[in-house]
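Survey of secondary and tertiary structure
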4 protein chains.
Amino acid sequence: GRPLTVIAGPCQLESADHAQMIAGRMKEICDAAGAQYVFKASYDKANRTSLSGRRGLGMEAGLKILSDIRSGLGVPVLTDVHTAEQCAPAAQAVDILQIPAFLCRQTDLLLAAGETGAAINVKKGQFLAPWDMVNVVAKIESTGNDRILLTERGVSFGYNTLVADMRSLPIMARTGYPVVMDATHSVQQPGGQGGSSGGQREFAPVMARAAVAVGVAAVFIETHEAPDTAPSDGPNMIPLDRMDRLVETLMDFDRLAKADPIDL
Amino acid sequence: GRPLTVIAGPCQLESADHAQMIAGRMKEICDAAGAQYVFKASYDKANRTSLSGRRGLGMEAGLKILSDIRSGLGVPVLTDVHTAEQCAPAAQAVDILQIPAFLCRQTDLLLAAGETGAAINVKKGQFLAPWDMVNVVAKIESTGNDRILLTERGVSFGYNTLVADMRSLPIMARTGYPVVMDATHSVQQPGGQGGSSGGQREFAPVMARAAVAVGVAAVFIETHEAPDTAPSDGPNMIPLDRMDRLVETLMDFDRLAKADPIDL
Amino acid sequence: GRPLTVIAGPCQLESADHAQMIAGRMKEICDAAGAQYVFKASYDKANRTSLSGRRGLGMEAGLKILSDIRSGLGVPVLTDVHTAEQCAPAAQAVDILQIPAFLCRQTDLLLAAGETGAAINVKKGQFLAPWDMVNVVAKIESTGNDRILLTERGVSFGYNTLVADMRSLPIMARTGYPVVMDATHSVQQPGGQGGSSGGQREFAPVMARAAVAVGVAAVFIETHEAPDTAPSDGPNMIPLDRMDRLVETLMDFDRLAKADPIDL
Amino acid sequence: GRPLTVIAGPCQLESADHAQMIAGRMKEICDAAGAQYVFKASYDKANRTSLSGRRGLGMEAGLKILSDIRSGLGVPVLTDVHTAEQCAPAAQAVDILQIPAFLCRQTDLLLAAGETGAAINVKKGQFLAPWDMVNVVAKIESTGNDRILLTERGVSFGYNTLVADMRSLPIMARTGYPVVMDATHSVQQPGGQGGSSGGQREFAPVMARAAVAVGVAAVFIETHEAPDTAPSDGPNMIPLDRMDRLVETLMDFDRLAKADPIDL
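Residues numbered from 1 in each chain as written. Chains lettered and ligands numbered in written order. Predicted model: local features only at pLDDT ≥ 70, side-chain atom pairs only at ≥ 80, totals over all residues. Heavy atoms only, no water.

The next subject is the overall build of chain A. Of the regular secondary structure elements, chain A holds eight helices and 13 strands. For 264 residues, the compact-globule estimate of 2.2 N^0.38 gives 18 Å, and chain A sits close to it at 17 Å. Seen through its C-alpha atoms, chain A measures out along the principal axes to roughly 45 × 40 × 40 Å. Of all 264 residues assigned to chain A, the portion counted as buried reaches 66%. Within chain A, contacts between residues separated by at least 24 positions form 68% of all contacts whose residues are at least 6 apart in sequence. Put simply, chain A shows about 8200 Å² of open surface, and 48% of that area lies on carbon and sulfur atoms. (Helix = DSSP H or I, 4+ residues; strand = E, 2+ residues; numbered from the N terminus. Rg over C-alpha atoms; globule rule 2.2 N^0.38 Å. Buried < 20%, exposed > 50% of the residue type's maximum accessible area, 1.4 Å probe, protein only. Contact = heavy atoms within 4.5 Å. Areas by Shrake-Rupley, 256 points an atom, 1.4 Å probe, with all protein chains shown as cover.)

Time to look at the relation of the copies chain C and chain B. Structural alignment of chain C on chain B gives an RMSD of 0.0 Å, achieved by rotating through 180 degrees and translating 0.0 Å along the axis. Here the copies are linked by what is in effect a two-fold axis. Relative to the rotation axis, the closest C-alpha in chain C is found at alanine 210 of chain C, a distance of 2.0 Å. (Least-squares fit on C-alpha atoms with pLDDT ≥ 70 in both.)

Our focus in this paragraph is the packing of aromatic side chains. According to the stated counting rule, one finds 18 aromatic pairs over all chains in the structure shown. Residues phenylalanine 127 of chain C and phenylalanine 127 of chain D carry aromatic rings whose centres are separated by 6.0 Å and whose planes lie at 35 degrees to one another, so their mutual orientation is tilted. With phenylalanine 127 of chain C in the loop between strand E5 (119-123) and helix H5 (133-141) and phenylalanine 127 of chain D in the loop between strand E5 (119-123) and helix H5 (133-141), this pair bridges two chains. An identical accessibility class is assigned to phenylalanine 127 of chain C and phenylalanine 127 of chain D; each is buried. Three or more aromatic residues joined by ring pairs form one cluster here, namely Trp131 and Phe157 of chain A, Tyr159 of chain B, Tyr159 of chain C together with Trp131 and Phe157 of chain D. The ring of phenylalanine 220 of chain B has lysine 123 of chain B sitting right over it, with the charged end atom 3.7 Å from the ring centre. (Phe/Tyr/Trp six-rings, centres within 6.5 Å; stacked < 30°, edge-to-face > 60°. Lys NZ or Arg CZ within 6 Å of the ring centre and 35° of its normal.)

Glancing now at the interface of chain C and chain B. Size of an interface, as often reported, equals the accessible area lost when the parts are brought together. Listed per partner, the contact involves 33 residues of chain C and 33 residues of chain B. Both faces considered, chain C and chain B share a buried interface measuring about 3000 Å² in area, 65% of it formed by carbon and sulfur atoms. Ionic pairing is found between aspartate 260 of chain C and arginine 209 of chain B, a salt bridge with its closest N-O pair at 4.0 Å. The set of elements that each furnish at least two residues to the side of chain C that touches chain B consists of strand E7 (155-156), strand E8 (162-163), helix H6 (168-173), helix H7 (204-214) and helix H8 (243-259) of chain C. Looking at the side of chain C that touches chain B element by element, the count peaks at seven residues for H7 of chain C. (Buried area = accessible area lost by both parts, 1.4 Å probe. Salt bridge = Lys/Arg side-chain N within 4 Å of Asp/Glu carboxyl O.)

What follows covers the packing of helix H7 (residues 204-214) of chain B against helix H8 (residues 243-259) of chain B. Residues and elements named next belong to chain B. Where H7 contacts H8, the axes come no closer than 8 Å and their chain directions differ by 20 degrees. When the interaxial angle is binned, H7 and H8 end up roughly parallel. The two elements H7 and H8 meet at a crossing, and its hand is right-handed. Residue-level contacts link Pro205, Ala208, Arg209, Val212 and Ala213 of H7 to Leu246, Thr249, Leu250, Phe253, Asp254 and Ala257 of H8. Residue composition of the contact of H7 with H8, by class: eight nonpolar, one polar and two charged. (Axes fitted to C-alpha atoms, helices over the stretch in contact; angles between N-to-C directions. Parallel < 35°, antiparallel > 145°, perpendicular 65-115°, else oblique. Left-handed = near helix turned anticlockwise from the far one by under 90°. Nonpolar A, V, L, I, M, F, W, Y, C, P; charged D, E, K, R; others polar.)

Moving on, we get to the relation of the copies chain A and chain B. Between the two copies, chain A and chain B, the superposition gives an RMSD of 0.0 Å; the rotation angle is 180 degrees and the shift along the axis is 0.0 Å. Taken as a fraction of all interface residues of chain A, those also at the interface in chain B reach 100%, which identifies the copy contact as same-surface.

Helix-helix packing is described using two parameters, namely the angle between the two axes and the distance between the axes. Residues and elements named next belong to chain C. Closest axis-to-axis distance for the helix H4 (residues 107-115)/H5 pair is 8 Å, and the angle between their directions is 50 degrees. Judged on the interaxial angle alone, H5 and H4 are oblique. Crossing hand, H4 versus H5: right-handed. Taken together, the residues of H5 that come into contact with H4 (itself represented by Thr107, Leu110, Leu111 and Gly114) are Val136, Lys139 and Ile140. Class assignment of the residues belonging to the contact of H4 with H5 gives a composition of four nonpolar, two polar and one charged.

Turning our attention to unusual backbone geometry. Backbone geometry at asparagine 160 of chain C places phi at a positive 60 degrees, although glycine is not the residue there. Note on asparagine 160 of chain C: relative accessible area 17%, which makes it buried.

Below, the discussion takes up helix H3 (residues 84-93) of chain D. Residues separated by three or four positions in an α-helix point in the same direction, a consequence of the helix having 3.6 residues per turn. Residue and element names in this part refer to chain D. Every buried residue of H3 is listed here: Gln86, Cys87, Ala90, Ala91 and Ala93. Viewed end-on, H3 has its buried residues packed into an arc of 145 degrees, placing them on one side of the element. Of the exposed residues in H3, those oriented more than 90 degrees away from the buried face are Glu85 and Gln92. (Arc of directions from axis to C-beta.)

Written out as structure tokens, the structure is:
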């Protein structure tokens, strides 16, 4: 298999400079470690726990920043889309459209995303069994688009808690599409702080290592230079200054996993 | 408390005649039993398990049928909306806009629905704790709309299974808004038949009785004259010819529950 | 069906006088309401969360108290057993041997209990599906004993939380044996206070009402005159001075449920 | 950290020759790969799903076989105990007493095991949060025994299914005691075949790899030369002829993990 791809960035866009800073630093880290890098950020957080949560820069300003990162740094860019209408303009600006977990069964969104011809990363819903992603895949494939990625980001486990089921990775891989482990959202505690989600940042490297050892195409990691002041997902993001060591470690495990894949 | 309201109808609209037949029959049943009746049907099923699942009649034709039932039979009508754009036209045709469970945290949809001034029934997401509905409520209230209903429809319990937590009913009632028990979706088995959802129709009366005894404002029940051939949700719908006895029984339990409410 | 049986008492025996007081008061309440009454208390708490939790009076002293209540008040008595050796002596002193939930699959314990000829109440393990109780039943039946009761006391739902699945009641009833709803343990929060279990006492009447409306043979309720100072299970016990009103209400719901049983 | 220990053997003892064969082969495999080896087998299966499940050779015959393996092959031996009475004799024959998951909160069993002075491996209950193992540990420590191991073997996730939460490993490691990943029981499907438990053998290497990458002291793997005809746990055991390659791979991941431990 190909070396691990690292999809990383801040949860939401804060400014052009901030996005450039993180993208630039992550590109250096991934280049040094031999990882493919994809920049990730959201122009809108459409389903914040509460109304007072900051939503981002909006679509027009956000897509401009994302497009500039793509052309300026020469890295592929991923962003999430929330309605069918957003798919075509977003696909002009970025390489990979991401379907949020809550929306992974919304047929019109999946079809509109597929029809752009862009690569589509679908996050498996917190309510969905991994084998049910075949139905999601079929909706996208019906548009003639087979550039699909499937992401594990945790599944509901009681209230305000997720658990990452490692079986999900090989089960989704049976579709033939690359599988991504979302190491930071799978340690989220949805609604766990009342008006916002909590998280267990310290366990994100646990999830990343475990998944890379099992064998995945990519890891998805949200990062920020100061997670505790980030406008969203701070409790589960990994500090930027720890990303170099984490990526190096993951690449070590990835080499081993790719040399000796699990035979299911 | 006021007597129980019964929100009932087919999962999706099939034709004007079919909708009229079910609405007419349910009105007779509810009138006879002393229940308030609300007709429910969807003009579009936007998140079917698989692409081949039938989606319904579409918005324009569907809203016409719903509007005709409202004016013809004189019963309030409920339907679900899936995007912010659908809210205003749907609110012209029906009395209650319903937010589907997967979409219960989509801020723009909640705001657009709230702004119509129509009553809003929010289904609690399968991934959401009951106490987190306060954040959902606050999003709608921010539009100045306080005509809100909150529905329990089951929470994720392992894969392909839901469980209905009776504690959810009094917890959501602490918001001060009416609470609805969705007796047929809470016995759904999401994705449980591979390309479609399974269900355990036989347990829907169990959930309805339990919830009415605990004390709810309304029960939500999908019904069909021939569930096994219905285009969606057949496995969990209750046959129309059993609805009269079920509604009578529920009214008996409701009288008892309303006369002696649980003191939490 | 026969009127509801109420199995109630303190979680653990504290003294002969205390047990007599609670048994006496509960008998008055049940007599007044037309309910059959069974006294319940444990002589040993063999699986306290932590070592410092009080365990009770021990077997010899405890069985003496239980036997005296049986003969003195003329009420049937239930207590739990934890090893095969305890079954025979316990069966001399009480009418119903109870198998704790954690131990519901321990074959030797089930066989020893069955062989006493006493009635056996098995609590369904927090880890067990309701349909798997048929295997538990078969172990007891193999001893020639068919005086069996099956109790729902909640199932694991994430960490430190249980959920009571109302479907469990009719599913277990398919065995043909009486089904009991344990209203106070099903609102326990195992380990939820670090060194002891928490609980949500306020929801015990919710579970009891819901179950009685669905239709059960008995409810199991732990009660204490001062739950907050009880040596175990305080957080989920119902105060003794609220039991009269609760039992009356449950009998009202029971009459309705027994007159109109759910037809599965 | 020290190199990985492999705890492996058949689920239950079938005969002296069979046990010797598996222990001998596993010792060769572990010696070749540089792993410490511990032989595991049960002399009694005390909680089979159904009564017809084979229980093993019994205590006396079983302990003789285990003791002979210990002295003959010079490998440490582990077996599980089910009552307080079994602890002392078992501790004469084996090095490590194992507390079954269902029994992990039975105080008398934990104390009796601790008092033998043998090492104690406690399987975390399917109903227990990882942070609640501190209370279990304290019960054993109260006997003056601090030779404790803690094992993850999956936690209840809906009905008939377990999920292995990788966070459990570092959380239990905070106790300071070695943590074991039970790779074969964590893919068990309790009661999943009606009268016996099912399993997903193909995912056992997934769990083992993931856990070793996260960093554990040992993996626990049940193995058999012909799992499909084994008297218990066949569906989740790994065929003996695949163990050499699996152990080699795990040692590769272990070296990497021990050289670069996760800093929580």
